[in-house]
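Chain and residue survey
Listed below, chain by chain, are the residues.
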Amino acid sequence: MDATPAPPHVPAGTVLRLAKEDWRYGGFTLFLRVESVRDDLSSYYDDEWVWVSGQQLARDGTPLGQLDALVRVSALPPDRP
């Protein structure tokens, strides 16, 4: 049985800048202040995408509301020791 890789740890409060190709269903650059990252990678997404919940931000940092985004794992910052 293959072990499912864990997504990178992204601390709450981290602000992600995601290009339109790095998250699904939006079609624009997304600024997202992370609240949580699901602790599983879905095999439905070939273990390359993970759900991230957070606060969508305007370019100037103004909160725009809660958003759950399906994010490309390779677009997340690497784990740091």
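Residues numbered from 1 in each chain as written. Predicted model: local features only at pLDDT ≥ 70, side-chain atom pairs only at ≥ 80, totals over all residues. Heavy atoms only, no water.

Our next topic: the nonpolar core. One finds L16, W23, L30, V52 and V71 to be the most contacted residues of the largest nonpolar core, which totals 14 residues. Secondary-structure elements contributing two or more residues to this core are β1 (15–18), β2 (30–37), β3 (49–57) and β4 (63–72). Those residues in contact with L30 that lie beyond four places of it in its chain are L16, R17, L18, W23, Q56, L67 and A69. (Core = buried A, V, L, I, M, F, W, Y, C linked by side-chain atoms within 4.5 Å. Buried < 20%, exposed > 50% of the residue type's maximum accessible area, 1.4 Å probe, protein only. Helix = DSSP H or I, 4+ residues; strand = E, 2+ residues; numbered from the N terminus. Contact = heavy atoms within 4.5 Å.)

Let us now look at unusual backbone geometry. For Y25, which is not glycine, the phi torsion reads 80° and is therefore positive. Within the secondary structure, Y25 is located in the loop between β1 and β2. The exposure class of Y25 is exposed, given its relative accessible area of 69%.

Taken residue by residue, the chain gives an average pLDDT of 87. The fraction at 70 or more is 81%. Of all helices and strands in the chain, the one with the weakest mean pLDDT is β3 (94), whereas β1 scores best (97). (pLDDT = per-residue confidence, 0-100.)

Reading across from one edge, β1-β2-β3-β4 is the order of the 4 strands in this open sheet, with antiparallel pairing throughout. Both edges of this open sheet fall to β1 and β4, since each of them pairs with a single strand only. With direction set aside, neighbouring strand axes in the sheet form an average angle of 45°. One ladder, built from 4 bridges, connects β1 with β2; its direction is antiparallel. (Pairing = 2+ DSSP bridges. Axes fitted to C-alpha atoms, helices over the stretch in contact; angles between N-to-C directions.)

It is worth spelling out the side chain of Q55 at this point. Tracing the backbone shows Q55 in strand β3. There is a polar contact of 2.6 Å between the side chain of Q55 and the backbone nitrogen of G65. Excluding residues that lie within four positions of it along the chain, Q55 makes contacts with F31, L32, R33, E35, P63, L64, G65 and Q66. (Polar contact = N/O pair within 3.5 Å; in protein donor to acceptor, adjacent residues only side chain to side chain.)

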